[in-house]
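Observations on the three-dimensional arrangement
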Amino acid sequence: MLELDLGRLERDGKLRLDEAVPPDDPMWQGTGLSLSRPLGVHLEAQRAGPDVVVRGAIEGEAAVSCRRCLRDVRVAIDEDVAALFRSGVDRAEAEEEEVYPLPARGRDLDLRELVREQVLLAVPPYAVCSEACRGLCPRCGGNLNEGECACGEPDVDDRWGPLRKLKLD
Ligand SMILES: [Zn+2]
Ligand SMILES: [Zn+2]
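Residues numbered from 1 in each chain as written. Chains lettered and ligands numbered in written order. Predicted model: local features only at pLDDT ≥ 70, side-chain atom pairs only at ≥ 80, totals over all residues.

1. Describing the sheet that holds strand β3 (residues 39-48)
Pairing in this open sheet of five strands is mixed, and the strands run β2-β3-β4-β5-β6 from one edge to the other. The open sheet has two edge strands with one neighbour each: β2 (14-21) and β6 (100-101). Looking at chain direction, β3 and strand β4 (residues 51-65) are connected through nine bridges and run antiparallel. In the strand pairing of β4, Gly40 is matched with Glu59. (Pairing = 2+ DSSP bridges. Helix = DSSP H or I, 4+ residues; strand = E, 2+ residues; numbered from the N terminus.)

Here it is, written out as structure tokens:
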């Protein structure tokens, strides 16, 4: 669980958390993320007056669709994390100051939102499997990386395309 015992942090001043979050963990639901292996989370929390500073790193791998041919592309996740959990602010104030609200005394510190946001920032929505990727045929949808499709040579020279479209309009 990506949770820190704030009572223990208060006593010890410092707390380490090492977790592997599996790709099917409910915390990824609704994010559209597809991890290809468990996400390694290595964080250290430290008290800073009434606040808590969380620092460390996350590492893993996600699968993203190639924007040309839709094939899965593996994207490495390797990010440093640094976040401040400020006491006495509500959610709106925290968002404005780009910090996280520290829960009231006696509650656990939930790090799932922080980790989720970091992963979403690290993984691009689209990628290209290779600069040479030829993508899909716009007419039949055939994968042109696997050879010519049934339509034959693709129209590379399409400078009349916009004009043709105008005429049709
Ligand atoms: Zn591709
Ligand atoms: Zn085709």
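2. With respect to helix α3 (residues 112-122)
Looking only at α3, the buried set comprises Val115, Gln118 and Val119. Down the axis of α3, the sector holding all buried residues measures 95°, keeping them to one side. Exposed residues pointing more than 90 degrees away from the buried face of α3 are listed as Glu113 and Leu121. Where α3 is buried, its residues touch β3, β4 and β5 (72-86). (Buried ≥ 20, exposed ≤ 12 C-beta atoms within 10 Å, placed from the backbone. Arc of directions from axis to C-beta. Contact = placed C-beta atoms within 7 Å.)

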